[in-house]
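Letter by letter, the chains look like this.
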Amino acid sequence: MYGLLNLPWWGVVLTTLGLTHVTIVGVTLFLHRCQAHRALDMGKGLSHFFRFWLWMTTGMVTKEWVAVHRKHHARCDTAEDPHSPQTRGIATVMTQGALLYTREAASAQTLERFGKGTPDDWMERKVYTAHSRAGIAAMLLIDLLLFGVPGIAVWITQMLWIPFWAAGVVNGVGHWWGSRNFDTEDASRNISPWGIIIGGEELHNNHHCYPSSAKLSVRKHEFDIGWMYLSVFARLGWVHIKKVPPRMRERTQPAETTLETLDTVVAHRFELMATYATALRKLYRREKRAQPEGLPVVRRSVWKRLEVLKFHPKEESRLAEIRAKSTRLARALELRAELAKVWTAEKATREESLQRLRTWLHEVEKSGIAELAALTRRVRHTA
């Protein structure tokens, strides 16, 4: 009744969680970071293991998964996005995420345009793609053999794990609810600062900011378990990391603001804007202490959304009141908008953008707002 392993109920539960975690790791490391975004090169042995394991536990075809995911990035949160809750509704993506994926994967045009560069060897053509359902059938037999009758529950859990967590939670909640570190053009959110259950994919806003990065965590308090595994695999020589999130390097002494400085600022604009949002919160707290009855209370979530400058009308009204009662905050918000114009101004030449950056640096320093001093220092010392 309990199969070859003859495990107690809690042993079956723990083993099932372990098996599903391997599947999550295969999706995030092999399908997502390696195949879809080319953030790393994976050795043949490890690559074949994940291909085989995903064939057994999900029935997904590498080319199909990669093509659908690349289209998601290319058309993110538009009507053409295969699974955006912004256009299809959060309930639809949460409950029908796997169906949305299957429909898009059936598009020959999507596969042709977005599925290039995926494995195309004999095993992929003759086994994994040609018999994509055979693997999950074999998995059912193995589960029954190892666990007996409880193996049916183990198999059902394995089959539902990716549709729920990846197709539903990451694609749905990850574009609907959570925090944002960076001002990306889409609605991506970090579901949690600790990426454990979904292999690090909880850090979804980070990923959309730096999609070609093998590491999804960017801040000191964040944890990406997928990156932990990659670090171990890299030491063993099983993977080669190609790209991680960029970090601004600083010179010991300030340098002249040149076109090279402009390029660095544009390349690290997401990091700068996240730092700016933190500076604004600090300035607000200082102003609030100085005039506790004068400034209205603003929730931390509102300041977090300063990274996108898209507010609910009630929040806009609250910020307008703040601008009216604090000249420093009003000026800081104005300077934030001016900084964004360095890279968003239409039809501006590089020389014009450089002059705009120089003017911004001068205006910030002239403002005397201490919380913004660190930003100008970073720009003037940038390498």
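Refer to the structure above for everything that follows.
What you see is a predicted model, and the numbers here were worked out from it, not measured in a lab. (Residues numbered from 1 in each chain as written. Predicted model: local features only at pLDDT ≥ 70, side-chain atom pairs only at ≥ 80, totals over all residues. Heavy atoms only, no water.)

1. Here's the deal with the overall build of the protein chain
Then step 1. Secondary structure assignment for the protein chain yields 18 helices and four strands.
Then step 2. C-alpha atoms of the protein chain, sized along the principal axes, occupy 75 × 45 × 40 Å.
Then step 3. For the protein chain, with 383 residues in total, the buried portion stands at 49%.
Then step 4. Nonlocal contacts in the protein chain, meaning residues at least 24 apart in sequence, comprise 70% of its contacts between residues at least 6 apart.
Then step 5. Summed over all atoms, the accessible surface of the protein chain reaches about 19,000 Å², with 59% contributed by carbon and sulfur. (Helix = DSSP H or I, 4+ residues; strand = E, 2+ residues; numbered from the N terminus. Buried < 20%, exposed > 50% of the residue type's maximum accessible area, 1.4 Å probe, protein only. Contact = heavy atoms within 4.5 Å. Areas by Shrake-Rupley, 256 points an atom, 1.4 Å probe, with all protein chains shown as cover.)

2. Topic: the nonpolar core
Then step 1. Core analysis: the largest hydrophobic core is formed by 33 residues, its most contacted members being Val27, Leu31, Leu40, Met42, Met60, Trp65 and Val239.
Then step 2. Among the secondary structure elements, those contributing two or more residues to this core are helix H1 (9-36), strand S1 (40-42), helix H2 (44-57), helix H3 (62-74), helix H5 (90-105), helix H9 (151-172) and helix H11 (225-235).
Then step 3. At eight residues, the largest contribution of residues to this core is made by H1.
Then step 4. Setting aside residues up to four positions removed in sequence, Met42 forms contacts with Leu29, Phe30, Cys34, Ser47, Phe50, Trp238 and Val239. (Core = buried A, V, L, I, M, F, W, Y, C linked by side-chain atoms within 4.5 Å.)

3. Re H3
Then step 1. Taking 1.5 Å per residue, 13 residues should reach 18 Å; H3 reaches 18 Å between its end C-alpha atoms and fits that length.
Then step 2. Where H3 is buried, its residues contact H1, H5, helix H6 (108-114), helix H7 (122-129) and helix H10 (204-209). (Expected span 1.5 Å × (residues − 1).)

4. Things to note about the pattern of salt bridges
Then step 1. Inspection of the entire model under this criterion finds 16 salt bridges.
Then step 2. A salt bridge links Lys242 to Asp41, with the nearest nitrogen and oxygen atoms 3.9 Å apart. Of this pair, Lys242 sits in the loop between strand S4 (239-241) and helix H12 (259-267) while Asp41 sits in strand S1, and the two are 201 residues apart along the sequence.
Then step 3. Asp41 sits in the partly exposed class, given a relative accessible area of 39%.
Then step 4. Each of Arg331, Glu334, Glu363 and Lys366 takes part in a single network of salt bridges with overlapping partners. (Salt bridge = Lys/Arg side-chain N within 4 Å of Asp/Glu carboxyl O.)

5. Points about the packing of H12 against helix H17 (residues 350-367)
Then step 1. Where H12 contacts H17, the axes come no closer than 10 Å and their chain directions differ by 80°. For the element pair H12 / H17, the angle class is roughly perpendicular. Residues Leu259, Thr261, Leu262, Asp263 and Val265 of H12 lie in contact with H17, whose contacting residues are Arg350, Glu351, Ser353, Leu354 and Leu357.
Then step 2. Residues belonging to the contact of H12 with H17 are distributed by class as follows: five nonpolar, two polar and three charged. (Axes fitted to C-alpha atoms, helices over the stretch in contact; angles between N-to-C directions. Parallel < 35°, antiparallel > 145°, perpendicular 65-115°, else oblique. Nonpolar A, V, L, I, M, F, W, Y, C, P; charged D, E, K, R; others polar.)

6. Overview of the packing of H17 against helix H18 (residues 373-380)
Then step 1. For the pair H17 and H18, the least separation of the axes is 10 Å and the interaxial angle reads 145°. Handedness of the H17/H18 crossing: left-handed. Note on element contacts: H18 touches H17 through Leu375, Thr376, Val379 and Arg380, opposite Leu357, Trp360, Leu361, His362, Val364 and Glu365.
Then step 2. Split by residue class, the contact of H17 with H18 holds six nonpolar, two polar and two charged. (Left-handed = near helix turned anticlockwise from the far one by under 90°.)

7. With respect to the packing of aromatic side chains
Then step 1. Applying the stated rule across the entire model yields eight aromatic pairs.
Then step 2. With a centroid separation of 6.3 Å and 20° between ring planes, the pair formed by Phe49 and Trp53 is classed as stacked. Here Phe49 and its partner Trp53 are both found in helix H2, four residues apart, which amounts to about one turn of the helix.
Then step 3. Since its relative accessible area comes to 14%, Trp53 is described here as buried.
Then step 4. On the basis of an interplanar angle of 75° and a centroid distance of 5.5 Å, the ring pair of Phe182 and Tyr210 is categorised as edge-to-face. Within this pair, whereas Phe182 is found in the loop between H9 and strand S2 (194-195), its partner Tyr210 is found in the loop between H10 and strand S3 (223-224), the two being separated by 28 residues in sequence.
Then step 5. Owing to a relative accessible area of 5%, Phe182 belongs among the buried residues under this scheme. (Phe/Tyr/Trp six-rings, centres within 6.5 Å; stacked < 30°, edge-to-face > 60°.)

8. Structural notes on the side chain of Asn206
Then step 1. Relative to the helices and strands, Asn206 is located in helix H10.
Then step 2. Setting aside anything within four residues of it in sequence, one finds Asn206 in contact with Asn181, Phe182, Asn190, Leu216, Ser217, Val218 and Glu222.

9. Remarks on unusual backbone geometry
Then step 1. Although it is not a glycine, Asn6 sits at a positive phi angle of roughly 50°.
Then step 2. The topology assignment puts Asn6 in the segment before H1.
Then step 3. Here Asn6 falls in the exposed class, since its relative accessible area comes to 53%.
Then step 4. Here Lys347, not a glycine, exhibits a phi torsion of approximately 60°, which is positive.
Then step 5. Checked against the element boundaries, Lys347 lands in the loop between helix H16 (327-344) and H17.

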